[in-house]
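# Structure assessment
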Amino acid sequence: MLEIRIDRDHAGVRLDKVLRQRLPRVPASHLQKMIRTKKVRVNGRRAKPEQPLAEGDLLTIRGDERALLGDAPVAPPRVPDASEVARLQILHEDGWILAVDKPSGLAVHPGSGIRGGTLVDLVRAYLGPAAERNGFSASPAHRLDRETSGVIVVAKRRPAMVHFTDVFTKAEGRIDLPLSEHQQTAESKARVGVKMQEAGTRWRVLRQGGEAALLEVTIETGRTHQIRRHLAAIGHPVAGDKKYGDFAFNREARARWGLKRLFLHAERLEVAHPEGGRRMRFESPLPRELEEVLERAGMGARRG
């Protein structure tokens, strides 16, 4: 049996992410199975993949410790020389973050066709042993293109990266994508082609989890299945959608979170009254069954 005690730097991190980090040789699918079959426990209790861990939590993992840990091969990092490190222009540094003034032409991350040191290489060489802390390597909290100059912030600790991930995650947007007329017959399509209709949908993140998000969606047009079709078109289908959704994800959501229906709810409707045009507003709270799904998915306490 393997035991892992959660330290401050891993507080707030999801259980499945900690397991993937600590047990890199174990396939993610097998880790999920271990959690489902109660081979992973938190403080002696049954665990959930999405649950956040707290400092001091004790993970117990049933299995052979040597087989679980193994030796994951790690490519040796490139170490820049002192003259390269001297190029760094430090704007601010404390125990949590490092702010750097990046020159144009310096790539942030290694990649295809990138020669010479990157910002990541330079920062980690500058920090030396302090670049590694409890399994977390100091990393840029956001991106700048290679030819872009200016400020870039580096997270020196995992909680700092978690914080900046929330800060820099896009929280709202608009989908402007014409949709085919849903009721058009095959005869009509053959005669005049597919009829496209303008459609606009605005969205905003209310709660963010590791594998899903709760959105507030406002439709500017009323096309058939507009929300479901638009979100599917940008690669983020509605959970539980049996027509346009991600069927493998739906199965996981049902098994892990108890989602047995389409996660779509008309919370608010504003219309003009037919007599006099007075603005009317009607509201319906999110059903308890869907709130329970959010809680199981680790989004019960987070609101935008």
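Now for a description of the structure that goes with this document. (Residues numbered from 1 in each chain as written. Predicted model: local features only at pLDDT ≥ 70, side-chain atom pairs only at ≥ 80, totals over all residues. Heavy atoms only, no water.)

Helix and strand counts for the protein come out as 10 helices and 17 strands. Taking 2.2 N^0.38 as the reference for a compact globule, 304 residues should give roughly 19 Å; the C-alpha atoms of the protein span a radius of gyration of 24 Å, well beyond that estimate. Taken over the C-alpha atoms alone, the protein extends approximately 75 × 50 × 45 Å along its principal axes. Residue burial in the protein is summarised as follows: out of 304 residues, 34% are buried. Long-range contacts, defined here as pairs at least 24 residues apart, represent 55% of the contacts in the protein between residues at least 6 apart. Total accessible area computed for the protein in this model is approximately 18400 Å², and 50% of it derives from carbon and sulfur atoms. A gap of 5 Å separates the mean positions of the 54 positive and 39 negative side-chain charges of the protein. (Helix = DSSP H or I, 4+ residues; strand = E, 2+ residues; numbered from the N terminus. Rg over C-alpha atoms; globule rule 2.2 N^0.38 Å. Buried < 20%, exposed > 50% of the residue type's maximum accessible area, 1.4 Å probe, protein only. Contact = heavy atoms within 4.5 Å. Areas by Shrake-Rupley, 256 points an atom, 1.4 Å probe, with all protein chains shown as cover. Lys, Arg positive; Asp, Glu negative; His and termini not counted. Charge placed at Lys NZ, Arg CZ, Asp CG, Glu CD.)

It is worth spelling out the nonpolar core at this point. A general tendency of soluble globular proteins is for nonpolar side chains to be buried together. Core analysis: the largest hydrophobic core is formed by 19 residues, its most contacted members being Leu15, Leu19, Leu23, Leu59 and Ile61. Those elements that provide at least two residues to this core are strand S1 (2-5), helix H1 (15-22), helix H2 (28-36), strand S2 (40-42) and strand S4 (58-61). Discounting residues that sit within four places of it in the chain, leucine 15 has contacts with Ile35, Val40, Val42, Ala47, Lys48, Pro49, Gln51, Leu53 and Leu59. In this structure, Val205, Ile227, Leu259 and Leu294 belong to the second largest nonpolar core, which totals 17 residues. (Core = buried A, V, L, I, M, F, W, Y, C linked by side-chain atoms within 4.5 Å.)

As a further point, take the sheet that holds strand S14 (residues 200-208). Reading across the sheet, the three strands line up as S11-S14-S15 and stay open at both edges, with antiparallel pairing between neighbours. Edge positions in the sheet fall to strand S11 (172-176) and strand S15 (213-219), since each of these pairs with one other strand and no more. This sheet shows a mean twist of 25 degrees between the axes of neighbouring strands, independent of strand direction. (Pairing = 2+ DSSP bridges. Axes fitted to C-alpha atoms, helices over the stretch in contact; angles between N-to-C directions.)

Take helix H8 (residues 226-233) next. Most of H8 sits inside the fold, with six of its eight residues counted as buried. Within the sequence span of H8, burial applies to Gln226, Ile227, Arg228, Arg229, His230 and Leu231. Along its buried surface, H8 packs onto S11, strand S12 (179-180), S14 and S15. Of the residues flanking the end of H8, it is glycine 235, one or two places downstream, whose phi is positive at about 85 degrees.

Scanning the entire structure with this criterion turns up one aromatic pair. A centroid spacing of 5.8 Å and a plane angle of 75 degrees characterise the contact between phenylalanine 249 and tryptophan 257, whose relative ring orientation is edge-to-face. With relative accessibility at 24%, the residue phenylalanine 249 sits in the partly exposed group. When its relative accessible area of 5% is taken as the criterion, tryptophan 257 is described as buried. (Phe/Tyr/Trp six-rings, centres within 6.5 Å; stacked < 30°, edge-to-face > 60°.)

Where H1 contacts H2, the two axes come as close as 10 Å, and the packing angle between them is 130 degrees. As the angle between them shows, H1 and H2 are arranged oblique. Handedness of the H1/H2 crossing: right-handed. Every residue of H2 that contacts H1 at Leu15, Asp16, Leu19 and Arg20 is listed here: Ala28, Leu31, Gln32 and Ile35. (Parallel < 35°, antiparallel > 145°, perpendicular 65-115°, else oblique. Left-handed = near helix turned anticlockwise from the far one by under 90°.)

One turn of the α-helix equals 3.6 residues, which is why residues spaced by three or four share an orientation. Regarding H1, the residues found buried are Leu15, Asp16, Val18 and Leu19. Buried residues in H1, looked at end-on, bunch into an arc of 160 degrees, giving them a common side. In this structure, the buried residues of H1 make contact with H2, S2 and S4. (Arc of directions from axis to C-beta.)

It is worth spelling out a positive patch on the surface at this point. A cluster of like positive charges, contributed by Lys33, Arg36, Lys39 and Arg62, occupies part of the molecular surface. By the element assignment, lysine 39 lies in the loop between H2 and S2. (Patch = residues over 30% accessible without salt bridge, like charges linked within 9 Å, V, L, I, M, F, W, Y side chains within 5 Å. Salt bridge = Lys/Arg side-chain N within 4 Å of Asp/Glu carboxyl O.)

Among the structural elements, aspartate 57 can be located in the loop between strand S3 (45-46) and S4. Buried and unpaired, aspartate 57 has no salt bridge, with arginine 5 as the nearest side chain of opposite charge at 6.9 Å. A polar side-chain atom of aspartate 57 sits 2.8 Å from the main-chain amide nitrogen of alanine 54. (Polar contact = N/O pair within 3.5 Å; in protein donor to acceptor, adjacent residues only side chain to side chain.)

This part takes up the sheet that holds S4. Taken in spatial order, the four strands of this open sheet run S1-S4-S2-S3, and their pairing is antiparallel. This sheet does not close on itself; its edge strands, each paired only once, are S1 and S3. H1 contacts S1, S2 and S4 of the sheet and is inclined by roughly 65 degrees relative to S4.

The next subject is unusual backbone geometry. A positive phi is found at lysine 38, a non-glycine position, where the angle reads about 65 degrees. Positive phi outside glycine occurs at histidine 225, with the angle close to 55 degrees. Tracing the backbone through its elements, the reader meets histidine 225 in the loop between S15 and H8.

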